[in-house]
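# Remarks on the overall topology
One-letter residues, chain by chain:
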Amino acid sequence: CERRKTGEAARMGYTWGEEDRGFDKRPNRIEGMGMGMGHNLQTMLAHQVRPYVEQKETTKVSVAFLARAPHKFTDAILRESDEAKREALGSMSRWLTAHPKHKASQVEAGAVPYLTSLLSDVNATVREGAALVLSQLATVYSGIEAMLRSKTVMSLLKGVLDSESSLTRDRCHATLHLLGEYPAGAEQIVRAGGTTMLVKECLKRPSVENLKSLGYCVRDPAGLKEALERQANACMVECLSNHSAPVIQFACKNLSTLTISMESKQEAIAEGGVEKLVGLLSHREWTVRSAATCALMSITIAVEGKEQAFNAGAVKHLTDLLHDANKSVVLYAVRTLGNLAELKRTVMLTPQDDVYKATFFMPAMNQLKVIMGNPDTVLAKSARDTADLIKWRP
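Residues numbered from 1 in each chain as written. Predicted model: local features only at pLDDT ≥ 70, side-chain atom pairs only at ≥ 80, totals over all residues. Heavy atoms only, no water.

Glancing now at the packing of aromatic side chains. A full pass over the atoms with the stated rule returns two aromatic pairs. When the ring of phenylalanine 73 is compared with that of tryptophan 95, the centres are 5.9 Å apart and the planes differ by 50°; the resulting orientation is tilted. Within this pair, whereas phenylalanine 73 is found in helix 3 (residues 63–76), its partner tryptophan 95 is found in helix 4 (residues 82–98), the two being separated by 22 residues in sequence. Grouping residues by exposure puts phenylalanine 73 and tryptophan 95 together as buried. (Phe/Tyr/Trp six-rings, centres within 6.5 Å; stacked < 30°, edge-to-face > 60°. Helix = DSSP H or I, 4+ residues; strand = E, 2+ residues; numbered from the N terminus. Buried < 20%, exposed > 50% of the residue type's maximum accessible area, 1.4 Å probe, protein only.)

Given a rise of 1.5 Å per residue, 14 residues ought to cover 20 Å, and the 20 Å separating the end C-alpha atoms of helix 7 (residues 124–137) matches this to within 8%. For helix 7, the buried fraction is high: eleven of the 14 residues fall into the buried class. Of the residues making up helix 7, those classed as buried are Val126, Arg127, Glu128, Gly129, Ala130, Ala131, Val133, Leu134, Ser135, Gln136 and Leu137. Along its buried surface, helix 7 packs onto helix 4, helix 5 (100–108), helix 6 (111–118), helix 8 (141–149), helix 9 (152–160) and helix 10 (166–180). (Expected span 1.5 Å × (residues − 1). Contact = heavy atoms within 4.5 Å.)

This brings us to the pattern of salt bridges. A complete count under the given rule lists 13 salt bridges for this structure. The salt bridge involving arginine 289 is made with aspartate 324; its shortest N-O contact spans 2.9 Å. Here arginine 289 is found in helix 19 (residues 286–299), whereas its partner aspartate 324 is found in the loop between helix 21 (314–321) and helix 22 (327–341), with 35 residues between them in sequence. Here aspartate 324 falls in the buried class, since its relative accessible area comes to 16%. Several salt bridges converge on common partners, so that one network encompasses Arg127, Asp162 and Glu164. (Salt bridge = Lys/Arg side-chain N within 4 Å of Asp/Glu carboxyl O.)

Okay, structure coming up:
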């Protein structure tokens, strides 16, 4: 019987030894030839022909193309046809936005000097395309270095004065802003005569771009001196009456930078800047409130600025700003209140001392006590210093 079972198993393709049997004499491991529908299906799947894949468009390109593309774009923008230049500049712009490494590759291909020359092209569309590509290349440091070597700043300043195309002006401004972030870039803008030109532009056509570009100029010591000589304080005070909130905001920021010295503070006071800044403390935009409070904080370091701000009702506005939802507004308001609190020392020995304090500064004390517990150490310390100035007695 045992032999018969073994023979049947062998005919079925299964073989096993005595050591592979279990305690019930049944095989523990079966090894045999694959048979049946399941085995046939596996064999067919293993030998089937790969289905035809239809070729689809892809954004992937070969390594050889990546190496050639920057040089091809550089050669293409040198063609005589305006149409060819426009197409090359458009393709280059799309190529630069595909990957950050493409910008460095394009700079290495020597495109910056040729793009700089295209800013003076007769065709306005070509100038717009060149300004766009330059603004893209300026986002990498190698592009900044190449522009500083190629004296691109002069062409950018000419592009700022482009009367035909607003796109060219805006894109040239954007590149100047990126260059101005670096001391060497701001210095080159000043040396190229950008400060005087931008002050005139702000007087003639006040815009956010002109004010921002001027702001980078006044960061440089030579640019600050030149701006003050060109009556930049009067220009910024005039811009405070503009209807555009961003224009007012950047005019206040520039005024904060311009009024570093005591002489410039006196000049801004003489131009009527204090009253305009006090009026902006209740502006609907918090960015304007913050910039105006910062400028007023700078000007009220001067005694005359304290007196004018106090007489214009600044204390009440600043007390209201202590409840502002924006931390920068609160910080500048606290410090400006400290500046104005120093003014009371001149009347401390008069019989009206208690009335003076209770009427103007004491309403701010409750909120200052709350701010003292703020987790921001700078804000809390400023509140303590302002409270000490308010409570000061001789």
